[in-house]
Amino acid sequence: MIDTVLEAGDTEDGVRPVSAGPLLRVEGLKVVIRSGGRAVRPVDGVSFSIAAGETFALLGESGCGKSMTALAINRLLPDAAVIEGGEVSLGGDDILRLPETRMRSVRGGRVGMVFQEPATSLNPVMTVGAQICEALQLHRKLGAAAARAEARLLLESVGIPGADSRLDDYPFQFSGGMKQRVMIAMALAGRPELLIADEPTTALDVTIQAQVLDLLAGLQAERGMAMLLITHDLGVVARMAHGVGVMYAGELVETGPRQAFFQTPLHPYARKLFAALPDGARRGSMLDAPVGSVPALDQAFTGCRFAERCAQAFDRCDDESPRWQQVGSQAVRCHLYDADSVPRPLHRTSGAAFGQADASAGTPLIEVRDLAVHFPVRKGVLRRVVGQVRAVDGVSLRLGAGRTLALVGESGCGKTTVGKAILQLNAASAGAVFYKGENQTGLTREALMPMRRAVQMVFQDPFASLNPRLRVGEIIEEGMVSLGVAGDGPSRRRTVDALLERIGLSASMRWRYPHEFSGGQRQRIAIARALAVSPDVIVCDEPTSALDVSVQAQLLNLMRELQRERGLAYLFITHNLAVVEYLADEVAVMYLGRIVEHGPAARVLGAPAHPYTRALLDAVPKISAGSSDSLPALAVASDLPSPLDPPAGCHFHPRCGLASDICRVSYPAERSMGGGHRVRCHWADASARGLRRPD
Amino acid sequence: MNTNVSLTLPAPTAKVEAIERSPGFWSGVIAKLMRDPVALGACAVLFALILIAVFAHQLVPSDPYQTSMIKRLKPIGFDGFPLGTDELGRDMLSRLMLGTRLSLFMGITPVLIAFVIGSGIGILAGYAGGLINTLIMRTIDILYAFPSVLLAIALSGALGAGIGNALLSLTIVFIPQIARVAESVTTQVRGRDYVEAARASGARPFTIVRVHVLGNVLGPIFVFATSLIAVSMILASGLSFLGLGVRPPEPEWGLMLNTLRTAIYTQPWVAALPGVMIFITSISFNLLSDSLRSAMDVKS
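Keep in mind it's a predicted model, so treat the numbers as computed, not measured.

Asks: Any chance you could break down the overall build of chain A for me, citing the residues and the numbers?
Replies: Scanning chain A from terminus to terminus reveals 23 helices and 24 strands. Considering chain A as a whole, with its 695 residues, one finds that 57% of them fall into the buried category. The long-range share in chain A, meaning contacts at least 24 apart out of those at least 6 apart in sequence, stands at 68%. Carbon and sulfur atoms make up 52% of the accessible area of chain A, which totals about 26,900 Å².

What follows is the structure, given as structure tokens:
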């Protein structure tokens, strides 16, 4: 267990571990980045320690200094960054004072590292075997043949099937999850005592995330490694960590064992992180998002760094930086727990309730009937069609006015293509899309105008969806000009001003360029652009997946409010089931181009009938104090098959624990589970009866 | 600051809004260039060259066409001829100054014309995609297959000597190069979400190209074209050197280099002067295009 016992009123940065010998000890670590006369301090006095065999999670939003802390431990900081002070000791060695030559044997040898983006962490022109062998020859001084044999064992230990033949494959021949496994194998090559995992599963689908987390936990137990896990995901922390440290604006603000932290998070910031999480229990109420964002780190702080965003801040918080306070097994830097301060009761603030949105089913605004989008695969000089990528293969959906329909599935299942096909941005190969009963497929640009006025889209990546050369005002105005709504210039400008005020920016921001805004603000601008033509429906393609949890909460609140005010219908394309539980009226689960389960959110998520839906739900790490590291009841093995060549019979059968002969031969027909809940599975009844989600 | 938009604002708020307004893209680029000593130096050199070119007839110290058999091939610093004389006894300084005109003209004009035509072709191919793209780009590739020097010589040779034909052949040489760059940048931009968003709000293809594509592709193409100016000057000099471009007695640096080559053993420094001018000018254009490239690199 990580030792976080400390005396109240200790020195400035005084976490003093009493434990006999932690493997990694970080004391008062400070990193400064100097550029053009400004000094930014991304890590400002961070202290923690990790014992062998333990996992310590650094938790916080982006820009809090988590990754910088990890890089500083490895002395891999970018050129402009300098370690200004503090101590890092690894098994008794003072890392910050080791000569660079010895540091090289520490990196990749005693300390292994796994990065967030497996796609860019592997060298694309080297086989994975060569990359692993390189590490083995360097750190373990193995010969070529021995290294290859060891590499094969490593690939096997990270669960890559057919390890022997896959050694000679290149990174592009692996899926994202498999690449991350290769990265882990490389990190293990030097037999590290400490494994640093920097957001190891953030870029992965939830089913793959579950596999990778299990793998990491298993390997850690097996090898007795210490692990520093950097994440913004409370679910991942709950599943993996023994100890937790919450980072905010370059400082640790709370540390403690997982159990205690999840039962009673102490610091107001940690509480906000919990309150900002969307889930089914908060349906119909506002998410309690912390206002604003992480402060710029180039200033000298006098008071508590969280004070300006803290609802419980009082005068002392502005004047005096809080010291560590011991509360039970946890330590927190907050004046609220100081005996000198006036004690105040702390409540988890409950969000203001919303009025219930119009729940009537209504006439469908959008109806999709047997939609198929196939992309031909061409080969050879004559560009002959040699196959079809069946991105969407027979999808039917109905979306009523004022309703929210969530389209859920792993990446690559075709959900974005459905969204774009509804907007006629992709041509349908078969089937039809109706808006208010009118077929929209194959219409000319002019004939599509009524639909364009009513159906708008918000894209996933707020950095790619706004033209960098246009001012915000021009971006929002564009749709109004193209569609000839909102009248003449001055009246359009008034609309833009009103929209900017509505989404929480000021009207004067119309003159700015997109790059001057943060990700969350850009996504608001994208929503304003969609709203400018007063649509009935907005297709939202993973609008919050690129955002931090607190920013996501702000955005979801805004979207709920707008839905209530304007009676908007949302088609919400996402892989985040927590968001679905929070927001959706209906859920459609998509697998390899087809809807496999469809129905009211409460029924689909509460009593999932399809094994795939259940696997998706089980793969979400649960956030509860008592959550154990046990495997979920029905984990999905392996990856999503290629839509170029879907498996025969039920597409899901190769990954399904219930699959039998019939599943391998015939695609299941749709059957009703009552209450509008429909599913395509041969085992729907059995699955719903006997294998209900355990909760 | 761009005032034409501010003018349409209601008068009382105009001032406040103007303060909140971020500088435009191009004024940002200019501001960055102003802080870049290399770019400023290159600009100063080019500006001086342009001034010399425009006012050459007023500035020349003596008649650049005046020959003299007794004062042939005098060294640098010779009395009355600060940069010496050429093989016909003409004042080198005056000829170099007047030569700036034709050399700059031959450097800039073909690139400018090719920039307009090549960008048009490239953007059309990139935005249209599919079969149209294949047809246009494969045709372009055929021209691209010839080395540019060879193509320029072959075209000039076929069309006959003279400034007009040299310009034409140089333009033809540069069009495929610019079209290639334009096509690849346009193809990238076309796939961006903001173009999809514009389509989703019913914008016409022409509007999308004008607002979303042009704004984002012209910068990179412009940078590339700037770097071509130096190439164009050198190629034009080469054509004149071969007798396919400017004809004597008009002063042009490439042609001067050609006629002075016989004097390389008697007056090497004088003979090298036109080459020095070509070098200074082309390196200025290259440095400017490098600075432009980094100045236009908007962080996003």
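Asks: Residue-level account of the nonpolar core, with values.
Replies: One finds A:F48 and A:L194 to be the most contacted residues of the largest nonpolar core, which totals 152 residues. Other than its neighbours up to four places away in sequence, A:L194 contacts A:L23, A:L24, A:I50, A:I73, A:L90, A:R110, A:V111, A:G112, A:A226, A:M227 and A:L228. Among the nonpolar cores identified, the runner-up in size contains 55 residues, and B:L96, B:L104, B:I123 and B:V189 belong to it.

Asks: Can you tell me about the sheet that holds strand 13 (residues 364–379) of chain A, naming the residues and giving the values?
Replies: Residue and element names in this part refer to chain A. Taken in spatial order, the four strands of this open sheet run 14-13-16-17, and their pairing is antiparallel. At either end of the open sheet lies a strand with only one pairing partner, and these are strand 14 (384–400) and strand 17 (438–439). Strands strand 13, strand 14 and strand 16 (430–435) of the sheet are contacted by helix 13 (residues 415–422), whose axis makes an angle of about 115° with strand 13.

Asks: Account for the environment of A:A669, naming residues and giving values.
Replies: Considering the arrangement of structural elements, one finds A:A669 in the loop between helix 22 (661–665) and strand 23 (671–672). As a C-alpha pair, A:A669 and A:G91 span 578 residues in sequence and 60 Å in three-dimensional space.

Asks: Mind laying out the interface of chain A and chain B, listing which residues take part and the relevant values?
Replies: Taken together, the contacts link 34 residues of chain A with 31 residues of chain B. Both sides together, the interface formed by chain A and chain B hides about 2,900 Å², and carbon and sulfur atoms give 51% of it. The largest contributions to the chain A side of the interface with chain B come from A:R445, A:R469 and A:W511, which together make up 25% of the buried area. Joining chain A to chain B, the criterion identifies one salt bridge. Between B:E196 and A:K420 there is a salt bridge; the shortest N-O distance is 3.1 Å. Of all elements in the fold, only helix 14 (449–454), strand 18 (455–458), helix 15 (472–483) and helix 17 (519–531) of chain A reach the threshold of two or more residues within the side of chain A that touches chain B. The leading source of residues in the side of chain A that touches chain B is helix 15 of chain A, at four residues. Taken together, the residues of the side of chain A that touches chain B sort by class into 13 nonpolar, eight polar and 13 charged.

Asks: Provide a residue-level description of the packing of aromatic side chains, including the pertinent values.
Replies: Residues and elements named next belong to chain A. One pass over the structure, following the stated rule, counts twelve aromatic pairs over all chains. Their ring planes at 85° and their centres at 5.1 Å tell us that Y248 and F306 sit as a pair that is edge-to-face. With a gap of 58 residues between them, Y248 in strand 9 (residues 243–248) and F306 in the loop between helix 11 (268–275) and helix 12 (315–319) connect regions that are remote in the sequence. An aromatic cluster is built from Y248, Y269 and F306, whose rings are joined through pairwise contacts.

Asks: Report on the sheet that holds strand 5 (residues 93–94) of chain A, specifying residues and quantitative values.
Replies: Residue and element names in this part refer to chain A. In space, the four strands of this open sheet follow the order 2-1-4-5, with antiparallel pairing throughout. Bordering the open sheet on either side are strand 2 (38–50) and strand 5, each of which pairs with just one other strand. In this sheet, strand 5 lies alongside strand 4 (residues 81–90) in antiparallel orientation, the contact comprising two bridges. Looking at the pairing, S89 lines up with D94 of strand 5.

Asks: Account for the pairing of strand 15 (residues 404–408) of chain A, with residues named and values stated.
Replies: All names here are of chain A. Where burial is concerned, most of strand 15 is hidden: five out of the five residues are buried. Burial of strand 15 is two-sided: the residues T404, A406 and V408 facing one way and the residues L405 and L407 facing the other way are all buried. Alignment of strand 15 against strand 20 (residues 569–574), held across five bridges, turns out to be parallel. Counterpart to L407 in the pairing with strand 20 is I573. Taken together, the four bridges between strand 15 and strand 21 (residues 586–591) define a ladder with parallel strand orientation. In the strand pairing of strand 21, L405 is matched with E586.

Asks: A description of the pattern of salt bridges should follow, citing residues and the corresponding values.
Replies: Residues and elements named next belong to chain A. Going through the model one piece at a time under the given rule, you end up with 43 salt bridges over all chains. Note that R34 is salt-bridged to E84, the shortest N-O span being 3.5 Å. With R34 in strand 1 (residues 24–35) and E84 in strand 4, this pair connects stretches of sequence that are 50 residues apart. Taken together, the shared-partner salt bridges connect D44, E251, R305 and R333 into one network.

Asks: Would you mind going over the side chain of A:T613 in detail, with residue names and values included?
Replies: Inspection of the secondary structure assignment puts A:T613 in helix 21 (residues 611–619). Other than its neighbours up to four places away in sequence, A:T613 contacts A:V589, A:E597, A:V604 and A:P608.

Asks: I'd like a description of helix 6 (residues 92–128) of chain B, backed by residues and values.
Replies: All names here are of chain B. Compared with an ideal rise of 1.5 Å per residue, which puts 37 residues at 54 Å, helix 6 spans 53 Å between its outermost C-alpha atoms and is within 8% of the ideal. The sharpest bend along helix 6 measures roughly 30° and falls at G99. The N-cap residue of helix 6 is D91: its side-chain oxygen and the backbone nitrogen of L93 are 3.5 Å apart. Once helix 6 ends, the next one or two residues include G129, with phi positive near 65°.

Asks: Please give an account of unusual backbone geometry that cites residues and values.
Replies: Residues and elements named next belong to chain A. The phi angle at E542 is positive, at roughly 45°, despite the residue not being glycine. Tracing the backbone through its elements, the reader meets E542 in the loop between strand 19 (537–541) and helix 18 (549–566). In this structure E542 comes out as buried when scored by relative accessible area, which is 8%. One non-glycine residue, L592, lies in the positive phi region at around 45°. Among the structural elements, L592 can be located in the loop between strand 21 and strand 22 (594–600).

Asks: Describe the domain arrangement of chain A, and please don't skip the residues or the numbers.
Replies: Looking at the assigned domains, one finds that chain A contains domain 1 (119–190), domain 2 (270–337) and domain 3 (366–539 + 562–572 + 584–597). Put simply, the middle of domain 1 of chain A and the middle of domain 2 of chain A, counted by C-alpha atoms, are 43 Å apart.

Asks: Explain the packing of helix 4 (residues 37–54) of chain B against helix 6 of chain B to me, and be specific about the residues and the numbers.
Replies: Residue and element names in this part refer to chain B. At a closest axis distance of 8 Å, the pairing of helix 4 and helix 6 adopts a crossing angle of 105°. Accordingly, the angle class assigned to the pair helix 4 and helix 6 is roughly perpendicular. Along the contact surface, helix 4 presents L49, I50, I52, A53 and V54, while helix 6 presents M97, T100, R101 and L104. Residue classes in the contact of helix 4 with helix 6 are distributed as seven nonpolar, one polar and one charged.

Asks: Any chance you could break down a nonpolar patch on the surface for me, citing the residues and the numbers?
Replies: Residue and element names in this part refer to chain B. A cluster of nonpolar side chains, contributed by V38, V45, V276, F279, I280, I283 and L287, occupies part of the molecular surface with about 520 Å² of accessible area. Counting only elements with at least two residues in the nonpolar patch, the list comes to helix 4 and helix 13 (268–295). Of all the elements, helix 13 adds the most residues to the nonpolar patch, at five residues. Secondary-structure assignment places L287 in helix 13. Residue classification places L287 among the partly exposed residues on the basis of a relative accessible area of 35%.

About the criteria used
All residue numbers refer to positions counted from 1 along the written sequence of the respective chain. Chain A is the first chain written and ligand 1 is the first ligand written, with later ones labelled in order. Side-chain atom pairs in this predicted model are given and counted only at pLDDT of 80 or more, local residue features only at pLDDT of at least 70, and totals for whole chains, interfaces and linings cover all residues. With hydrogens and water excluded, all non-hydrogen atoms of the structure serve as input to the side-chain values. A helix here means a DSSP run of H or I that spans at least four residues, while a strand means a run of E at least two residues long, and both kinds are numbered starting from the N terminus. Three labels apply to residues, based on accessible area from a 1.4 Å probe with only protein chains included: buried if under 20% of the type maximum, exposed if over 50%, partly exposed otherwise in between. We call two residues contacting when some pair of their heavy atoms lies within 4.5 Å. Note on areas: these come from Shrake-Rupley sampling with a 1.4 Å probe, and a residue is covered only by the protein chains present in the view. Throughout, nonpolar core names a set of buried Ala, Val, Leu, Ile, Met, Phe, Trp, Tyr and Cys residues whose side chains join them through atoms within 4.5 Å. At least two bridges found by DSSP between two strands are what make those strands a pair. Here an axis means a line fitted to C-alpha atoms, over the contact stretch when the element is a helix, while the angle between two N-to-C directions is reported on a 0 to 180 degree scale. Note: buried area is the sum, over both parts, of the accessible area (probe 1.4 Å) each one loses when the two are combined. When a carboxyl oxygen of Asp or Glu is within 4 Å of a side-chain nitrogen of Lys or Arg, the pair counts as a salt bridge. Note on residue classes: Ala, Val, Leu, Ile, Met, Phe, Trp, Tyr, Cys and Pro are nonpolar, Asp, Glu, Lys and Arg are charged, and everything else, Gly too, is polar. Between 30 and 60 degrees the pair is tilted, below 30 it is stacked and above 60 it is edge-to-face, where a pair is any two Phe, Tyr or Trp rings, Trp via its six-membered ring, whose centres lie within 6.5 Å. By definition here, a helix of n residues has an expected span of 1.5 Å times n minus one. Here the bend at each residue means the angle between axes fitted to two seven-residue stretches, the one ending at that residue and the one beginning there. Here a polar contact is taken to be a pair of N or O atoms separated by no more than 3.5 Å, where protein atoms must pair a possible hydrogen donor with a possible acceptor and residues adjacent in sequence count only if both atoms sit in side chains. Domain start and end points were adopted from an automatic or database domain assignment. Orientation is classified from the angle alone, with under 35 degrees giving roughly parallel, over 145 giving roughly antiparallel, 65 to 115 giving roughly perpendicular, and any other angle giving oblique. The residues that make up patches have over 30% relative accessible area and no salt bridge, and they are joined within 9 Å when like-charged or within 5 Å when they are Val, Leu, Ile, Met, Phe, Trp or Tyr.

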